[in-house]
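Listed below are the residues making up each chain.
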Amino acid sequence: SSAAEAQVAALVDAAAAAANDKAETIADLQAQFAENKTAALDAAAAEMAAALETAAAELEHSLRAAAEGTASSLECQAAELTQRAEEALAHAMSVGAEEKAHALSTLEGAVRREAADELGSALEAAAAHLAASLTTAAEDKHDALV
């Protein structure tokens, strides 16, 4: 019976040791899992950060290229508008010059006609005055002779 008790005691000790080993193994596995999980999360976070940095750099590059394209496009449009404005101004000036020349020509013609009219009137008055003077002189001579 004491041999049986010794066997039971040995079995109880073996069971306790196995339970202890099992608990240690579980604790070790849990610790390893926690370490692996932390490492995996750290790696995933680093990967995400790198991906975000890359995406940010690509976005910045795209925005810079778009801004340069927009600026270049705006410069082209401004140059086109400036050229059109210069052409319109040149056209307006040439039309204005033609209109001024026509107006001056018309004015010059009107001044010449007015001057010719005035000269004609003056000549007519002078001729009438001369005729009157000649008539008076002729009458005076006739009277002197009579």
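Residues numbered from 1 in each chain as written. Predicted model: local features only at pLDDT ≥ 70, side-chain atom pairs only at ≥ 80, totals over all residues. Heavy atoms only, no water.

Things to note about the overall build of the chain
We apply this condition: For the purposes of this entry, the term helix denotes a DSSP run of H or I that reaches at least four residues, the term strand denotes a run of E that reaches at least two, and both are numbered from the N terminus. In this description the radius of gyration comes from C-alpha coordinates, and the expected globular size is given by 2.2 Å times residues to the power 0.38. Exposed residues in this analysis have more than 50% of their type's maximum accessible area, buried residues have under 20%, and partly exposed residues fall in between, with area computed by a 1.4 Å probe over protein chains only. To measure how exposed things are, a 1.4 Å probe is used in the Shrake-Rupley method; for residues, cover is taken only from the protein chains shown.
Regarding its fold elements, the chain presents one helix and zero strands. Radius of gyration (C-alpha) of the chain: 61 Å, far over the 15 Å computed for a compact globule of 146 residues. Within the chain, the proportion of its 146 residues that are buried is 1%. Accessible surface, the chain as shown: approximately 12300 Å² in total, 64% of it carbon and sulfur.

Some thoughts on the pattern of salt bridges
We apply this condition: Every case where a carboxyl oxygen of Asp or Glu lies within 4 Å of a side-chain nitrogen of Lys or Arg is listed as a salt bridge.
This structure, assessed with the given rule, holds three salt bridges. Here Glu-60 makes a salt bridge to Arg-64, at a shortest N to O gap of 3.0 Å. Residue Glu-60 and its partner Arg-64 are both found in helix H1 (residues 2-145); the two are separated by four residues, about one turn of the helix. Classification of Glu-60 as partly exposed rests on a relative accessible area of 43%. Classification of Arg-64 by relative accessible area gives partly exposed; the value is 48%. Two residues, Arg-84 and Glu-80, come together in a salt bridge whose shortest N-O distance is 3.4 Å. Residue Arg-84 and its partner Glu-80 are located together in helix H1, separated by four residues, close to a single helical turn. A relative accessible area of 51% means that Arg-84 is categorised as exposed.

Looking at a nonpolar patch on the surface
Convention followed: Exposure above 30% relative accessible area and no salt bridge define the residues that can form patches, which grow by joining like charges within 9 Å and nonpolar side chains of Val, Leu, Ile, Met, Phe, Trp and Tyr within 5 Å.
Residues Leu-104, Leu-107 and Val-111 make up a contiguous nonpolar surface patch of roughly 300 Å² in combined accessible area. Assignment of secondary structure puts Leu-107 in helix H1. By relative accessible area, which is 52% here, Leu-107 ends up exposed.

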